Amino acid sequence: MLLALVGMAAIYMSIVHAGTASPMRALIMQAVWYIIGGVGIAIVIQFDAEQLWRIAPVLYGIGIFLLIAVLFLYDRNVAASTGAKSWFKFGPITFQPSEVMKPAYILMLGRAVTQHNTEYQHSVKNDWRLLGTMLLWTLPVVALMLLQKDLGTTLVFLAIFSGVVLVSGITWKIIAPVAGVAAAVGGSAILLVTQSWGRQLLSTVGFKAYQFARIDSWLNPSGNTTGDSFQLWQSMKAIGSGQLTGKGFNHLQVVVPVQESDMVFSAIGEAFGFIGAAGLILLYFLLIYQMIRVIFDTKNEFYAYITTGVIMMIVFHVFENIGMNIGLLPLTGIPLPFISQGGSFLLANMLSVGLVLSMRYHHTSYMFSQEQEGFQ
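Residues numbered from 1 in each chain as written. Predicted model: local features only at pLDDT ≥ 70, side-chain atom pairs only at ≥ 80, totals over all residues. Heavy atoms only, no water.

(A) Here's a closer look at the environment of Trp128. Here Trp128 shows up in helix H6 (residues 124-147). When near neighbours in sequence (up to four residues on either side) are disregarded, Trp128 contacts Ile174 and Val178. (Helix = DSSP H or I, 4+ residues; strand = E, 2+ residues; numbered from the N terminus. Contact = heavy atoms within 4.5 Å.)

Have a look at this one:
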């Protein structure tokens with residue numbers, strides 16, 4: 001609820017300052033999505049571990065179907081402006097099916113790991129089998145996201161996958177070499193995008209000019225402040241101008257494109273300064289801490305993998321969004337959980353939190369019933 005209040009205030013300030021839309025209409029729409037998310041949580045919380053286990057493949061199948069469908073029924077206007085074929089459009093409402101896929105993927109991955117660990121003892125051979133099983137459920141999602149040209153959301157799924165791998169029990173004899181290969185690939189990618197010959201090579205496999213422009217603006221944000229680096233430079237200027245305590249609510253002065261969505265952290269930094277921005281990060285730490293507590297309290301392996309997936313999803317979004325707002329990471333179009341404007345993204349995050357609340361709810365109910373039986 002605290003994050004919701006911060007988000008509503010930040011969206012209001014951003015839209016008032018931009019003057020491109022009605023701030024009250026934006027707040028009402030965001031509030032409506034919060035209400036829908038609350039109803040979704042109330043529904044999700046009714047499902048216990050056994051029911052979540054049964055519906056995981058169904059939800060995963062629905063998610064894959066939607067990811068395929070959007071490749072043919074995507075919003076042409078969004079694709080023309082961003083290059084991403086990842087949005088449905090129904091009248092005035094736009095919807096991103098990858099947001100439905102996130103909780104479904106987390107459930108399916110948690111089920112796959114739990115089922116494997118129940119049937120097999122950990123060994124190098126069996127751990128390779130487990131990694132292969134996890135990749136089997138992950139690669140279709142990643143492939144479809146890449147076909148939609150949505151690199152940012154692809155990275156979110158890879159972050160979820162990496163987090164579950166780390167807690168799945170796979171031996172470090174496998175994790176260490178795989179991490180080394182990943183680091184080598186990442187290093188090679190950085191080398192390619194910073195060299196002219198590398199860019200020519202990447203262009204032949206589908207990389208676009210705007211993607212290289214994002215890299216350039218990240219490496220040298222002051223290089224073209226009226227062109228490709230304008231958004232990042234303005235964000236850094238807004239956050240810096242907030243100084244320690246900020247300029248105050250609704251006293252924004254620096255123009256930042258799409259500030260109500262991807263760049264909303266710059267509005268918080270300018271209005272509330274370092275203290276306000278640090279307070280927001282503290283709220284996220286408290287949220288993650290409470291989720292980790294659920295893992296230790298419930299002591300349920302299936303729940304542990306689900307919660308890990310939810311935590312990794314939120315942590316990656318927070319790290320990437322704040323990182324790109326301050327120039328630490330390149331711009332990727334990753335919104336800030338519970339803060340940025342956007343219905344489908346907000347709904348996915350609330351449903352994911354609903355999964356964790358379901359674990360807490362059913363664990364508490366189970367403990368209460370045991371106490372009652374003991375008393376009788």
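That was the structure; now back to the text.
(B) Seen up close, helix H5 (residues 97-119). Relative to the 33 Å expected for 23 residues at 1.5 Å per residue, H5 spans 33 Å between its end C-alpha atoms, a close match to the ideal helical length. Among the 23 residues in H5, 19 count as buried, and that is most of the element. (Expected span 1.5 Å × (residues − 1). Buried < 20%, exposed > 50% of the residue type's maximum accessible area, 1.4 Å probe, protein only.)

(C) Structural detail: the side chain of Thr154. If you trace the backbone, Thr154 turns up in helix H7 (residues 151-167). The buried category is assigned to Thr154, whose relative accessible area is 3%. Residues contacting Thr154, with those up to four places away along its chain left out, are Val142, Met145 and Leu146.

(D) The arrangement of unusual backbone geometry in detail. In this structure, Val258 takes a positive phi of about 40 degrees despite not being glycine. As for its placement among the helices and strands, Val258 is situated in the loop between helix H11 (230-242) and helix H12 (264-298). The residue Phe338 is not glycine, and still its phi comes out positive at about 70 degrees. With respect to the secondary-structure elements, Phe338 resides in the loop between helix H13 (301-325) and helix H14 (343-375).

(E) Region of interest: the packing of aromatic side chains. Tallied over the entire structure, the rule returns 4 aromatic pairs. Note on Tyr12 and Phe249: the rings are 6.1 Å apart at their centroids and 10 degrees apart in plane angle, and the pair reads as stacked. Pair noted here: Tyr12 is in helix H1 (residues 2-18) and Phe249 is in the loop between H11 and H12, with a separation of 237 residues, a long-range link. Note on Tyr12: relative accessible area 24%, which makes it partly exposed. Accessibility expressed as a relative area gives 42% for Phe249, which makes it partly exposed. Between Trp53 and Phe302, the ring centres sit 5.2 Å apart and the planes meet at 75 degrees, which makes this aromatic pair edge-to-face. With a gap of 249 residues between them, Trp53 in helix H3 (residues 49-73) and Phe302 in helix H13 connect regions that are remote in the sequence. Note on Phe302: relative accessible area 4%, which makes it buried. (Phe/Tyr/Trp six-rings, centres within 6.5 Å; stacked < 30°, edge-to-face > 60°.)

(F) Inspection of the packing of H6 against H7 at higher detail. Where H6 meets H7, the axes come as close as 9 Å, and the angle between the chain directions of the two elements is 170 degrees. In terms of axis orientation, H6 runs roughly antiparallel to H7. Mapping the contact onto sequence places Leu131, Met134, Leu135, Thr138, Val141, Val142, Met145 and Leu146 in H6 and Thr153, Thr154, Phe157, Leu158, Phe161, Val164 and Val165 in H7. When its residues are assigned to classes, the contact of H6 with H7 shows 12 nonpolar, 3 polar and no charged. (Axes fitted to C-alpha atoms, helices over the stretch in contact; angles between N-to-C directions. Parallel < 35°, antiparallel > 145°, perpendicular 65-115°, else oblique. Nonpolar A, V, L, I, M, F, W, Y, C, P; charged D, E, K, R; others polar.)

(G) Summary view of the nonpolar core. Among the nonpolar cores identified, the biggest contains 70 residues, and Met101, Tyr105, Met134, Val141, Leu336 and Phe338 are the most heavily contacted of them. Here this core takes 11 residues from H13, the largest share from any one element. With residues near it in sequence (within four places) discarded, Met134 still touches Leu109, Val113, Phe161, Val164, Val165 and Ile170. (Core = buried A, V, L, I, M, F, W, Y, C linked by side-chain atoms within 4.5 Å.)

(H) Highlighting a nonpolar patch on the surface. On the surface, Met24, Ile28, Val32 and Ile36 cluster together to form a nonpolar patch covering roughly 340 Å² of accessible area. For Met24, the location among the structural elements is in helix H2 (residues 23-44). A relative accessible area of 48% places Met24 in the partly exposed class. (Patch = residues over 30% accessible without salt bridge, like charges linked within 9 Å, V, L, I, M, F, W, Y side chains within 5 Å. Areas by Shrake-Rupley, 256 points an atom, 1.4 Å probe, with all protein chains shown as cover. Salt bridge = Lys/Arg side-chain N within 4 Å of Asp/Glu carboxyl O.)

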